[in-house]
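# Structure assessment
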Amino acid sequence: MTTIPSLSALPDGRGRFGDYGGAYVPETLVGALQQLRDEYVRAKADPSFQRELDALLRDFVGRPTALCPAERLTAHARAGAAKGKGASIWLKREDLAHTGAHKINNTVGQGLLARRMGKPRVIAETGAGQHGVATATAAARLGLRCEVYMGAEDARRQRLNVVRMRLLGARVVEVDAGSRTLKDATNEAMRDWMASVEDTHYILGSVVGPHPFPTIVRDFQSVIGVEAKRQCEETFGALPDAVIACVGGGSNAAGIFYPFIDDAGVRLVGVEAGGRGGAAGEHAAPLAHGSPGVLHGSLSYVLQDEEGQTAPVHSCSAGLDYPGVGPEHSFWKDAGRVEYTSVTDAEALDAFVLMAESEGIIPALETAHAIAGAVKLAARMDKKHNLVINVSGRGDKDVDEAARLLDSRGGGP
Amino acid sequence: MSESRIETIFSTLRSEGRRGLAPFIVGGRPSVEETARLLPALQAAGASIVEVGIPFSDPIADGPVIAAAMHKALESGVHTRDVLNAVQRARSSCSLGIVAMASVSLAQRVGVARFVGEAKDAGIDGFIFPDAPLEEAPPLVEAVREVGLTASLLVAPTTPRARAEKIVGLCSGFVYLMARLGITGESAAAPEIGARVAELREMTDLPIACGFGVSKAEHVRAVVEHADAAIVGSALVRRIEDAAERGEDAAEAAGAFVRELGVGLKDAGAAA
């Protein structure tokens, strides 16, 4: 009998998901990555670590987050569907987690790891500011010093989160280099870490970067999928027929997908940022339009030109405005396990308004991409089927930017 | 196989009891034409080897000076091919070693064998891939050896001894020792590398070149007291950028600075 190896058994010992992943970093960082790998293995085997993490997730983060039916959104999808079509839509409410997004699941976990390694300082990169806020929050709770790198353009778009980070005692460093967005903030955080590895842990915010970050972040975010799976069983007595999530770097998607990866009957759909269209520089959809390349320490799909220079990207959502994606998503794409699609800025903005008006939830602009994808997907699914959307974050941070975008097309609130 | 140019350069230095200077420049800065002029100018000023950084959009190992110069090169439309063309034009008029410093991203995109082959055809003698550590380096090193060029991997101050032995085992031409942690950039204090170099000498006969934070003649002196060559990057790149900004001759400014650094080589090597 041949055993088909489980897709969830990766990465291998070299941090590879198939061909993807690895650790393309200067020698200076190799020791720190090894230390992190070793500490993570020890922590996973240590019941006291898991107890401490579980307690933080319960009492500080507010887990488990709810799984709730989206009745009016479902009705909306059914209104546009053929007879017998229109799946029931369910919302996995990561927007209800402390600080308003899934990012905190990872930062409390890595914060605990930093403390175990005896590192008193943490740094982070941030795009929309959600990971920065979550890192500053975990740092405050755990008594760690915190510095957050943020692209100057993002700091403008997400001013509220800059204020929150500062209130939480973090130092925010605005990065003026390159495209002044998430990619450049990541470069600066890696540079900081190269000079500060001895007393600093880098809390990377997505399933990207060199091994072991894609694995560690996926594992800490998997609490989303583990809870969702249990909640589906409890609520409608079955696995969902489909799960959908937005994909920038891909941490909320990896977190909700991973526990379902070996359940072949569950359709998994990732939604990338389609921006203003498919032309180069107009979107941030590396899985749709990119090619394998090395960015920020791992091999994965990346938007790049023919000689390997990272290409410019665009999305209305600062959290998705990134030319790369986690290596495990590249592997899932090539393996055919996860379908990746994209929605445009305009579709995401429509979904932002739709979600607010029909469900009473103002979603993050990132999440709005998943919602736009979900409404289309639900309309094509059978009526008796169940579709879970990962509501990765709430949209308070986006209200100014959304109002500006809605105004500019003449439909402002 | 015949000795590579890099090997010949170091064996000549050793036989003459001298140490070398290995300045770093960003290819295509201030312009492709200037790069072609800089190479002979650096040789005339006393450089044994020059490292040419191939501009990359996301150079994570580089500090602000080099990263900004790379971004400027890319913004002005410089491609890898243009940098290689500049090397090719300068090659016939200079005998110094030319080593390409390139992100693995660039090699990966066009294919390692093709990338290395095209560089060799342009007159490149060796490679440094700053973001390819021991675990990821073997396919790159193999492709470089295949065409008879040298590959230098980096050893960091934090690299444990057993790991350093494996790294050194993959190197050819010379070993690149980082004088300090962190990214490229200028630094105030002279590096202390004596113990580390002594340790590396027990593992290998390969020459050791040392960079990161080496920014004045006094630092060069401190480095070549132990290492075979001193690598100077950001301090030189800053002077080239400043000269370009003021409308002055970049090759002249670079030559003057390298001559000034060369003072640090005087009387060195006696202990070799």
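To be clear, the structure that these remarks concern was listed above.
On a predicted model such as this, the values are computed, not experimentally measured, just so you know.

## Considering helix α1 (residues 27-44) of chain A
Helix length check: α1 of chain A, at 18 residues, gives a terminal C-alpha distance of 26 Å against a target of 26 Å (1.5 Å per residue), a fit within 8%. Among all positions in α1 of chain A, only Glu-27, Thr-28, Leu-29, Val-30, Ala-32, Leu-33, Leu-36, Glu-39, Tyr-40 and Ala-43 of chain A are buried.

## Some details on the interface of chain B and chain A
Contacts between the two partners involve 39 residues from chain B and, on the opposite side, 33 residues from chain A. Seen at the junction of chain B and chain A, the total is four salt bridges. For Arg-14 of chain A, the salt bridge identified is with Glu-136 of chain B, shortest N-O distance 3.8 Å. Joining chain B to chain A, the criterion identifies 18 residue pairs in polar contact (both at pLDDT 80 or more). Secondary-structure elements contributing two or more residues to the side of chain B that touches chain A are α3 (64-75), α4 (80-91), α5 (104-110), β6 (154-155) and α8 (161-170) of chain B. No other element matches the six residues that α5 of chain B contributes to the side of chain B that touches chain A.

## Focus: the layout of surface pockets
The volume enclosed by the largest pocket comes to roughly 430 Å³. Residue lining of the largest pocket: 21 residues in total, with Lys-183, Thr-310 and Pro-312 of chain A together with Ser-57 and Leu-74 of chain B positioned closest to the centre. Counting only elements with at least two residues in the lining of the largest pocket, the list comes to α8 (182-196) of chain A together with α3 of chain B. Top contributing element to the lining of the largest pocket by residue count: α3 of chain B, with three residues.

## Describing the packing of helix α9 (residues 213-221) of chain A against helix α10 (residues 223-236) of chain A
Residues and elements named next belong to chain A. Running from N to C, α9 and α10 point in directions that differ by 30 degrees, and their axes come no closer than 4 Å. It follows from the interaxial angle that α9 and α10 lie roughly parallel. For the pair α9 and α10, the contacting residues are Asp-219, Phe-220 and Gln-221 in the first and Val-223, Ile-224 and Gly-225 in the second. Of the residues assigned to the contact of α9 with α10, the class counts are three nonpolar, two polar and one charged.

## Considering unusual backbone geometry
Across residues other than glycine, the phi torsion is negative in most instances, and most of the peptide bonds are trans. All names here are of chain A. In this model, Arg-63 is joined to Pro-64 through a cis peptide bond whose omega is 0 degrees. Secondary-structure assignment places Pro-64 in the loop between α2 (47-61) and β3 (67-69). Here the bond from His-211 into Pro-212 is cis, since omega is 10 degrees, no more than 30 degrees from zero. Tracing the backbone shows Pro-212 in the loop between β8 (200-202) and α9. Despite not being glycine, Thr-99 has its phi angle at roughly 75 degrees, a positive value. Positive phi, close to 60 degrees, is recorded for Arg-180, a residue that is not glycine. Exposure remark for Arg-180: the relative accessible area of 32% places this residue in the partly exposed category.

## Things to note about empty space enclosed by the protein
Residue and element names in this part refer to chain A. Evaluated as defined, the whole model comprises eight cavities of 30 Å³ or more. In this model, the largest cavity occupies a volume close to 370 Å³. Around the largest cavity, the lining comprises 31 residues; the ones closest to its centre are His-102, Lys-103, Ser-251, Gly-319 and Glu-366. Elements with a minimum of two residues in the lining of the largest cavity: β5 (121-126), α5 (130-142), α8, α11 (251-257) and α15 (365-380). Among the residues forming the lining of the largest cavity, the class breakdown is nine nonpolar, 18 polar and four charged.

## Observations concerning α9 of chain A
Burial analysis of α9 of chain A places nine of its nine residues in the buried class, the great majority of the element. Along α9 of chain A, the residues classified as buried are Phe-213, Pro-214, Thr-215, Ile-216, Val-217, Arg-218, Asp-219, Phe-220 and Gln-221 of chain A.

## A look at the sheet that holds β5 of chain A
Picture the strands of a sheet paired through backbone hydrogen bonds; they go either parallel or antiparallel. Residue and element names in this part refer to chain A. Sheet architecture is open: four strands sit in the order β7-β6-β5-β8, paired in parallel fashion. The open sheet is flanked by β7 (171-175) and β8, the only strands paired with a single partner. Across the sheet, the mean angle separating the axes of adjacent strands is 20 degrees when strand polarity is ignored. Those strands touched by α5 are β5 and β6 (145-151), and its axis lies near 165 degrees from that of β5. Across the sheet, helix α7 (residues 159-167) lies against β5, β6 and β7, angled at about 145 degrees from β7, the strand it touches most.

## So, the pattern of salt bridges
Tallied over the full model, the rule gives 57 salt bridges over all chains. We note a salt bridge from Arg-218 of chain A to Glu-328 of chain A, for which the minimum N-O separation is 2.9 Å. Within this pair, whereas Arg-218 of chain A is found in helix α9, its partner Glu-328 of chain A is found in helix α13 (residues 327-335), the two being separated by 110 residues in sequence. Residue Arg-218 of chain A is classed as buried on the basis of its relative accessible area, which comes to 3%. A relative accessible area of 4% means that Glu-328 of chain A is categorised as buried. Glu-135 of chain B is the salt-bridge partner of Arg-163 of chain B, the closest N and O atoms lying 2.7 Å from each other. Placement of the pair is Arg-163 of chain B in helix α8 and Glu-135 of chain B in the loop between β4 (126-128) and α7 (138-146), with a sequence separation of 28 residues. With a relative accessible area of 14%, Arg-163 of chain B lands in the buried category. Residue Glu-135 of chain B is classed as partly exposed on the basis of its relative accessible area of 39%. Sharing partners across several salt bridges, the network here consists of Glu-153, Asp-154, Arg-156, Arg-157 and Asp-321 of chain A.

## As for the packing of aromatic side chains
Residues and elements named next belong to chain A. Applying the stated criterion to the full structure yields 11 aromatic pairs over all chains. Taking 5.8 Å as the distance between ring centres and 35 degrees as the angle between the ring planes, the aromatic pair formed by Tyr-20 and Tyr-301 counts as tilted. One end of the pair, Tyr-20, is in strand β2 (residues 20-21); the other, Tyr-301, is in strand β12 (residues 298-302), and 281 residues separate them in sequence. On the basis of relative accessibility, which here comes to 11%, the residue Tyr-301 falls in the buried class. Plain terms: the ring middles of Trp-90 and Phe-236 are 5.0 Å apart, the flat faces sit at 45 degrees to each other, and that makes the pair tilted. Residue Trp-90 is located in strand β4 (residues 88-93), and its partner Phe-236 is located in helix α10; the two are separated by 146 residues in the primary sequence. An aromatic cluster is present here, built from Trp-193, Tyr-202 and Phe-213 joined pairwise through their rings. Positioned over the ring face of Phe-60 is Arg-141, at 5.3 Å from the centre of the ring.

## Structural notes on the side chain of Gln-158 of chain A
Residues and elements named next belong to chain A. Along the chain, Gln-158 falls in the loop between α6 (152-157) and α7. Gln-158 gets classed as buried once you look at its relative accessible area, which sits at 2%. For Gln-158, the residues in contact, after removing those within four places along its chain, are Gly-127, Ala-128, Met-150, Ala-318, Lys-397 and Asp-398.

## Looking at the environment of Ala-356 of chain A
All names here are of chain A. Its location among the elements puts Ala-356 in helix α14 (residues 345-359). Taking the C-alpha atoms as reference points, Ala-356 and Lys-333, 23 residues apart in sequence, are found 31 Å from one another. What Ala-356 contacts, discounting residues up to four positions off in sequence, is Ile-361 and Ile-362.

Cut-offs and rules
- Residues numbered from 1 in each chain as written.
- Chains lettered and ligands numbered in written order.
- Predicted model: local features only at pLDDT ≥ 70, side-chain atom pairs only at ≥ 80, totals over all residues.
- Heavy atoms only, no water.
- Helix = DSSP H or I, 4+ residues; strand = E, 2+ residues; numbered from the N terminus.
- Expected span 1.5 Å × (residues − 1).
- Buried < 20%, exposed > 50% of the residue type's maximum accessible area, 1.4 Å probe, protein only.
- Contact = heavy atoms within 4.5 Å.
- Salt bridge = Lys/Arg side-chain N within 4 Å of Asp/Glu carboxyl O.
- Polar contact = N/O pair within 3.5 Å; in protein donor to acceptor, adjacent residues only side chain to side chain.
- 1 Å grid on protein atoms, 1.4 Å probe; cavity = no way out; pocket = protein on both sides within 12 Å on 5 of 7 lines; lining within 4 Å.
- Points joined across faces, edges and corners; volume = space filled by probe spheres on them.
- Axes fitted to C-alpha atoms, helices over the stretch in contact; angles between N-to-C directions.
- Parallel < 35°, antiparallel > 145°, perpendicular 65-115°, else oblique.
- Nonpolar A, V, L, I, M, F, W, Y, C, P; charged D, E, K, R; others polar.
- Pairing = 2+ DSSP bridges.
- Phe/Tyr/Trp six-rings, centres within 6.5 Å; stacked < 30°, edge-to-face > 60°.
- Lys NZ or Arg CZ within 6 Å of the ring centre and 35° of its normal.

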